[in-house]
Amino acid sequence: MSATEARLAELGLTLPDVVPPLATYQPAVRSGAYVYTAGQLPMVKGSMPVTGKVGAEVSAEQAKELAAICALNALAAVKSVIGDLDKIARVVKVVGFVASAPDFTGQPGVLNGASELLGEILGERGVHARSAVGVAVLPLDAPVEVEIQVELVAGA
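Note that the structure is a prediction, hence the values are computed from the model and not measured.

A. Local environment of the overall build of the chain. Scanning the chain from N- to C-terminus turns up three helices and five strands. Taken against the 2.2 N^0.38 rule, which gives 15 Å for 156 residues, the C-alpha radius of gyration of the chain at 15 Å falls within 12% of a compact globule. With the C-alpha coordinates of the chain rotated into their principal frame, the extents come out at 45 × 30 × 25 Å. Residues classed as buried in the chain amount to 42% of the 156 residues present. The long-range fraction of contacts in the chain, counting pairs at least 24 apart against all pairs at least 6 apart in sequence, stands at 82%. Of the roughly 7,300 Å² that the chain leaves accessible, carbon and sulfur atoms contribute 54%. Distance from the positive charge centre (11 side chains) to the negative charge centre (16 side chains) of the chain: 5 Å.

Here is the structure:
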């Protein structure tokens, strides 16, 4: 078991199966020393636990928890390409989309769910730049979607 997977176990987490693509794309792609994920929805065992707009049908706290699920799904996608999460040198960038009610402005707080989880799992390797964007609607009426870019250790 890798150190990163041991840390996941310490936190009581397990990597899920990679969420199958909803259209014509790959869940993650490697280019040189980087792995880019497609946008990851908060799917749990093949279904969306909550749907709707944040600030309306979905609370900011619920959405923050869903963002953490998205981050875990993104790590699973990364692992599917590199085989071992210990090959991650660092998370470079996180981009998050929040399906927002018209007056909701708490997108950064929602995306903290993903950022905090990556930090808990990867420590300093999980510190990243980030964008948090409010949008009208996401696929499957998901409240949140997260994509990550990771840099790999030299020679990985």
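Moving on from the model shown.
B. Just helix α2 (residues 60-82), in detail. With 23 residues, α2 extends 33 Å between its outermost C-alpha atoms, agreeing within 8% with the 33 Å of an ideal straight helix rising 1.5 Å per residue. Looking one or two places after α2, you find G83, whose phi comes out positive at around 85°.

C. Seen up close, the packing of aromatic side chains. Following the criterion strictly, the structure yields one aromatic pair and no others. A ring pair is formed by Y34 and Y36, whose centres lie 6.4 Å apart and whose planes are at 40°; its orientation type is tilted. Taking relative accessible area as the criterion, Y36 reaches 37% and is therefore assigned partly exposed.

D. Representation of the sheet that holds strand β2 (residues 34-37) in the model. Spatial strand order, β1-β2-β5-β3-β4: five strands in an open sheet with mixed pairing. Edge positions in the sheet fall to β1 (28-31) and β4 (129-135), since each of these pairs with one other strand and no more. The average undirected angle you get between the axes of adjacent strands in this sheet is 15°. Direction of pairing for strand β3 (residues 88-99) relative to β4: parallel, over a ladder of seven bridges. Looking at β4, one finds that V94 is bridged to R130. Docked against the sheet, α2 engages β1, β2, β3 and β5 (144-152), running at close to 40° with respect to β5. Packed on one face of the sheet, helix α3 (residues 107-122) meets β3, β4 and β5 and runs near 145° to β4.

E. Expanded view of the environment of I88. Topologically, I88 is positioned in strand β3. Residues I88 and L140 lie 52 residues apart in sequence; the distance between their C-alpha atoms is 30 Å. Beyond its immediate stretch of four places on either side in the chain, I88 contacts L75, V78, I82, R125, V150, E151, L152 and V153.

The rules we used
Residues numbered from 1 in each chain as written. Predicted model: local features only at pLDDT ≥ 70, side-chain atom pairs only at ≥ 80, totals over all residues. Heavy atoms only, no water. Helix = DSSP H or I, 4+ residues; strand = E, 2+ residues; numbered from the N terminus. Rg over C-alpha atoms; globule rule 2.2 N^0.38 Å. Buried < 20%, exposed > 50% of the residue type's maximum accessible area, 1.4 Å probe, protein only. Contact = heavy atoms within 4.5 Å. Areas by Shrake-Rupley, 256 points an atom, 1.4 Å probe, with all protein chains shown as cover. Lys, Arg positive; Asp, Glu negative; His and termini not counted. Charge placed at Lys NZ, Arg CZ, Asp CG, Glu CD. Expected span 1.5 Å × (residues − 1). Phe/Tyr/Trp six-rings, centres within 6.5 Å; stacked < 30°, edge-to-face > 60°. Pairing = 2+ DSSP bridges. Axes fitted to C-alpha atoms, helices over the stretch in contact; angles between N-to-C directions.

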